[in-house]
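Okay, here's what each chain looks like letter by letter:
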Amino acid sequence: MSQSVTMVDAVGRALGQILEDDPRAILLGEDIGVNGGVFRATAGLQARFGPDRVVDTPLSEAGFVGAAIGMCLVGLRPIVEIQFDAFVYPAFEQLASHAGRFRWRTNGAYGLPLVIRIPYGGGTKAPELHSDSPETLFSHTPGLRVVAPSDPLSAGEMLVAAAACGDPVIYMEPKRLYRRGRAEVPDRFQASSLDLAQVVRPGTDVAILAHGAMVEVAMGAAEHLAAQGASVRVVDLRSLYPLDRDMLLRTATEVGRVVVVHEAPRHSGLAAEVAAILQEEVADHLLAPVLRVTGMDMPFPLFQLEDQALPSVARVVRAAQATLEY
Amino acid sequence: MRELGAASGDLAPGAELMEGTSTVLGLPSDRRREALAGLGRSLVLELFAAMARLRAFDERAVILQRQGVIGTYPTYFGEEAVQAGSVLALEDRDWLFPTYRQNSVVVLRGCPPEVPLLLWRGNPAGWHDVQALHTAPVCVPVATNYPHAVGAAWGSRLLGEASVALAYGGDGSTSEGDFHEACNLAAVVRAPVIFLVTNNQWAISTPLRLQTRVERIADKASAYGMPGVRVDGFDVFACYLAVREAAARARRGEGPTLLEAVGYRLGPHGTADEPSIYRDPESARRWDVWEPIGRAVKALVDAGLASSDELAKLGADAAAEMRAAGDRLQDFPLPSIGEVATRVYKDTPWTLGADRLREPTFREEG
């Protein structure tokens, strides 16, 4: 049996599966209970599992992320919802100073089975601080894993994998894709690998690497370029820390031209890391410089201007063409 | 055991701060003797021995720092009563969330003293066994351990266990956002947690009056709908009783307690601190009469519960134990940085692989 569901439904189904399978799993967050979360990702779960397992917390990101760390010590496996991307900033100290360090502080003996779900990114015409892409803060913080799905199936499979991982996982949900389309998912999600990228479109002339909502943009660019006769490979990075090094090297070696897309600011962004890895390890295989199409080094603009800041199909096409013409 | 306004008049310096604290040692002598006898000789000696071991650890650590055997060290001279009283008032299943100032409380739970000393020596062997000791790693940021304790306590209750969590902190920590968030969350979910704040009047150089406008930290509890209790922080017996009572409340399902242990930082903030820059050494020294071990000796001898020789021997034994622990520090091997790199994640990612530790070479050149 399978169903056709949106990404936000897939997240909710995966959470229900996790709560059902593991009595130690517990959800914490703001408005996630009766209200089902502001995006309805947890709709119906409190009615199904009760207010002690799907917990509406006070408005205190540092407090409930910190409490989730303490819960891990006594054997629970918390999954925390941060309501919007930028709301995670008050909890940053708990994540950087504690969550990422805990296994290291026990000489490897005890990790924190903690998942932090963060709906993130722009393109939804939201108020200020509701459109940030803070993934690089976490991919630069030791001890955390950072992942981002880009479709309903991977959303469910990666969430189940994150909950089983045993180390803190920052699970970035591209909220712009929450209801973008439907995809077939099975009754039960199987945990996927947490650190493998995926080729989502084969191609041989230029490769576009992206994650989250930018995969859709990359696919749009690939269509456009294909119409002009270029064979474009699109790689969904999925794992932002650690990056899938083998996939990066294979892609560069086989294709030779690479464009990296993300909506987070450019400076010290993930694209910079990808470019650095490629030039360190497979420089001789690169047929053109690695190009970046990213957000700008400024606060994410108020929404009337957001389309100018977000990487667009046209910008990605131009970058890919530049590498093809190099 | 709460005794309002009972701090005795012969301990003039700071006595006004002790107004309204629960106390045993501050009781008039006949009632003090009676209270100590009520605790029983074996318990009072156990509490005294715990203080003696903490003191000996602290003194040894300062010596080892001066000798260059360990690095900078945050002394807790004068806080032994709060630490010993609280640890002994709890059960082994209860969780402790110490800060750097309570860095050796694990020793009272059976951890070899070498372990916390090694932490200050900068050796990863200094990380104690968190699960075996039910004690979180020493928390270096101020106040971030409070939410952890709330989660552990709340989580225990959700799991149907009756364990309690206790988080330590100081007066300065109550100005941090995490203190507020933790108190609020704990009260809302009725977490069985104790916030044990030692108000020693100083946060490095910042006095309490620059930290907060309330004179009593315990008053902050009312904003969260939980009890705020003040206890004489130089009185191990009072601290023991106050924590025991807060733990009993928590176990009965009555939620958190903010416990203010009123004291004074008798020593520097740490081995790198020079208090004479910011506070008058003369007025600081007036507080020495409250020093918790000397105060306990007087009371126990007076109550006929122990001889001064017997108590001195407990101190000497503890000093010998800690000296021996210090002597063994150099025997502990250091792991390689490559080994430590494999202790960050359950499945070590390629980013922490052995090849990342070497200087890069270009493949063609071998």
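Reading the values: the criteria
- Residue indices begin from 1 for each chain and proceed along its sequence in written order.
- Chains and ligands are labelled by the order in which they are written, letters from A for the one and numbers from 1 for the other.
- At least 70 in pLDDT is required for a residue's local features to be given in this predicted model, at least 80 for side-chain atom pairs to be given and counted, and no such filter applies to totals for whole chains, interfaces and linings, which use all residues.
- Each helix corresponds to a stretch of at least 4 residues labelled H or I by DSSP, and each strand to a stretch of at least 2 residues labelled E; elements are numbered beginning at the N terminus.
- In this setup the radius of gyration rests on C-alpha atoms only. A globule is expected at 2.2 Å times the number of residues raised to 0.38.
- Each domain span listed reflects an automatic or database assignment of domains.
- Once C-beta atoms have been placed from the backbone, residue pairs whose C-beta atoms lie within 7 Å are recorded as contacts.
- Residues are grouped as follows: Ala, Val, Leu, Ile, Met, Phe, Trp, Tyr, Cys and Pro are nonpolar; Asp, Glu, Lys and Arg are charged; every other residue, Gly included, is polar.
- An axis is simply a line fitted to the C-alpha atoms; with a helix, the fit covers only the stretch in contact. Between two such axes, the angle follows the N-to-C directions and lies from 0 to 180 degrees.
- Convention used here: angles under 35 degrees read as roughly parallel, angles over 145 as roughly antiparallel, angles from 65 to 115 as roughly perpendicular, and any remaining angle as oblique.
- Crossings are classed by handedness, with left-handed meaning an anticlockwise turn of the near helix from the far one by less than a right angle and right-handed meaning a clockwise turn.
- Residues are called buried when their C-beta atom has 20 or more other C-beta atoms within 10 Å, exposed when it has 12 or fewer, and partly exposed otherwise; all C-beta atoms are positioned from the backbone.
- Two strands pair under a simple rule: DSSP has to find at least two bridges between them.
- Here a helix's expected span is defined as the number of its residues, less one, multiplied by 1.5 Å.
- Arc definition: directions from the helix axis to the C-beta atoms.

K.L.:
Summarise the overall build of chain A; cite the residues concerned and give the values.
P.N.:
For chain A, the count of helices and strands is 12 helices and 14 strands. For 326 residues, the compact-globule estimate of 2.2 N^0.38 gives 20 Å, and chain A sits close to it at 19 Å. Projecting the C-alpha coordinates of chain A onto the three principal axes gives extents of approximately 60 × 45 × 40 Å.

K.L.:
Which residues make up the domain arrangement of chain B, and what values go with them?
P.N.:
What the domain assignment lists for chain B is domain 1 (15–334) and domain 2 (337–366). Look at where the C-alpha atoms of domain 1 of chain B and domain 2 of chain B centre, and you get two points 41 Å apart.

K.L.:
I'd like a description of the interface of chain A and chain B, backed by residues and values.
P.N.:
With 37 residues of chain A at the interface, the matching set in chain B holds 36 residues. Secondary-structure elements contributing two or more residues to the side of chain A that touches chain B are helix 3 (61–73), helix 4 (92–97) and helix 5 (102–105) of chain A. Of the residues forming the side of chain A that touches chain B, the biggest block, 10 residues, is contributed by helix 3 of chain A. Grouping the amino acids of the side of chain A that touches chain B by side-chain chemistry returns 14 nonpolar, 15 polar and eight charged.

K.L.:
I'd like to hear about the domain arrangement of chain A, residue by residue, with values.
P.N.:
One frequent convention defines the size of an interface as the accessible area lost when the parts assemble. Residues and elements named next belong to chain A. Per the domain assignment, the segments making up chain A are domain 1 (2–186) and domain 2 (198–325). Computed over C-alpha atoms only, the centres of domain 1 and domain 2 are separated by 26 Å. Opposite the 25 residues of domain 1 that make contact, domain 2 presents 22 residues. Elements supplying a minimum of two residues to the side of domain 1 that touches domain 2: helix 6 (135–139), strand 6 (145–147), helix 7 (152–164) and strand 7 (169–174). Each residue belonging to the side of domain 1 that touches domain 2 can be placed in one class, and the counts come to 10 nonpolar, nine polar and six charged.

K.L.:
I'd like a rundown of the packing of helix 8 (residues 214–227) of chain A against helix 12 (residues 313–325) of chain A, residues and numbers included.
P.N.:
What describes two packed helices is the angle between their axes and the distance between those same axes. Residues and elements named next belong to chain A. Two numbers describe how helix 8 lies on helix 12: the axes approach to 8 Å, and their chain directions differ by 60 degrees. Looking at the two axes, helix 8 sits oblique to helix 12. Both helix 8 and helix 12 take part in a crossing whose hand is right-handed. For the pair formed by helix 8 and helix 12, the contact residues are V217, A218, G220, A221, H224 and L225 on the first element and V313, V316, V317 and A320 on the second. Tallied by class, the residues present in the contact of helix 8 with helix 12 amount to eight nonpolar, two polar and no charged.

K.L.:
Give a description of the environment of T144(B) that names residues and reports values.
P.N.:
All names here are of chain B. Tracing the chain through its elements places T144 in the loop between helix 6 (130–133) and helix 7 (145–158). On the neighbour-count criterion, T144 (26 C-beta atoms within 10 Å) is buried. Put simply, T144 and A182 are 38 residues apart on the chain and 8.8 Å apart in space, counted from C-alpha to C-alpha.

K.L.:
Which residues make up the packing of helix 3 (residues 41–66) of chain B against helix 11 (residues 292–302) of chain B, and what values do they have?
P.N.:
Residue and element names in this part refer to chain B. Contact geometry of helix 3 with helix 11 gives a least axis separation of 10 Å together with a crossing angle of 155 degrees. It follows from the interaxial angle that helix 3 and helix 11 lie roughly antiparallel. Two packed elements cross with a definite hand, and for helix 3 against helix 11 that hand is left-handed. Residues V44, F48, M51, A52 and R55 of helix 3 pack against P292, I293, A296 and L300 of helix 11. Split by residue class, the contact of helix 3 with helix 11 holds eight nonpolar, no polar and one charged.

K.L.:
Pulling in residues and values, what's your account of the sheet that holds strand 3 (residues 193–199) of chain B?
P.N.:
Hydrogen bonds along the backbone pair up the strands of a sheet, which may run parallel or antiparallel. Residue and element names in this part refer to chain B. The sheet built from five strands is open, its strands ordered 1-2-3-7-6 with parallel pairing. Edge positions in the open sheet fall to strand 1 (95–97) and strand 6 (228–232), since each of these has one partner strand only. The mean angle between the axes of side-by-side strands here comes to 20 degrees, regardless of whether they run parallel or antiparallel. The pairing of strand 3 with strand 7 (residues 257–262) spans six bridges and is classified as parallel. Paired with V197 across the two strands is E260, which belongs to strand 7.

K.L.:
So, helix 12 (residues 308–327) of chain B: which residues are in play, and what are the values?
P.N.:
All names here are of chain B. The end-to-end C-alpha distance of helix 12, which contains 20 residues, comes to 28 Å, matching closely the 28 Å that a straight helix rising 1.5 Å per residue would cover. Buried within helix 12 we find L311, L314, A318, M322, A325 and G326. End-on view of helix 12: buried residues confined to an arc of 110 degrees, all on one side of the axis. Turned more than 90 degrees off the buried face of helix 12, the exposed positions are D309, K313, A316, A320 and A324. Contacts made by the buried residues of helix 12 are with helix 3, helix 5 (114–121) and helix 11.

K.L.:
Tell me about helix 3 of chain B, and name the residues and values.
P.N.:
The end-to-end C-alpha separation of helix 3 of chain B is 37 Å, in line with the 38 Å expected for 26 residues at 1.5 Å each. In the segment just after helix 3 of chain B, G68(B) is the residue with positive phi, at about 80 degrees.

K.L.:
So what's going on with the environment of H134(B)? Which residues, and what values?
P.N.:
Residues and elements named next belong to chain B. Counting through the fold element by element, H134 comes out in the loop between helix 6 and helix 7. On the basis of neighbour counts, which here come to 21 C-beta atoms within 10 Å, the residue H134 falls in the buried class. C-alpha separation for the pair H134 and R356, spaced 222 residues apart in sequence, amounts to 35 Å. Setting aside residues up to four positions removed in sequence, H134 forms contacts with D92, R93, D94, W95 and L96.

K.L.:
Give me the lowdown on the sheet that holds strand 11 (residues 232–236) of chain A, citing residues and values where you can.
P.N.:
All names here are of chain A. Read from one edge of the open sheet, five strands run 9-11-10-13-14, paired in mixed fashion. Both edges of this open sheet fall to strand 9 (198–201) and strand 14 (291–295), since each of them pairs with a single strand only. Shown here is a sheet whose adjacent strand axes are inclined to one another by a mean of 25 degrees, direction ignored. Where strand 9 meets strand 11, three bridges bridge the pair, whose relative direction is antiparallel. Its bridge partner lying in strand 11, V199 is registered against V235. On top of the sheet, helix 8 reaches strand 9, strand 10 (206–210), strand 11 and strand 13 (258–265); it is set at about 175 degrees to strand 11, its chief contact.

K.L.:
Give a description of unusual backbone geometry that names residues and reports values.
P.N.:
Here the amide bond leading from Y241(A) into P242(A) is cis, since omega sits at -5 degrees, within 30 degrees of zero. Within the secondary structure, P242(A) sits in the loop between strand 12 (239–241) and helix 9 (245–255). If you check the backbone angles, K125(A) has positive phi at about 55 degrees while not being a glycine. Of note, H134(B) is a non-glycine position whose phi angle comes to about 45 degrees, a positive value.

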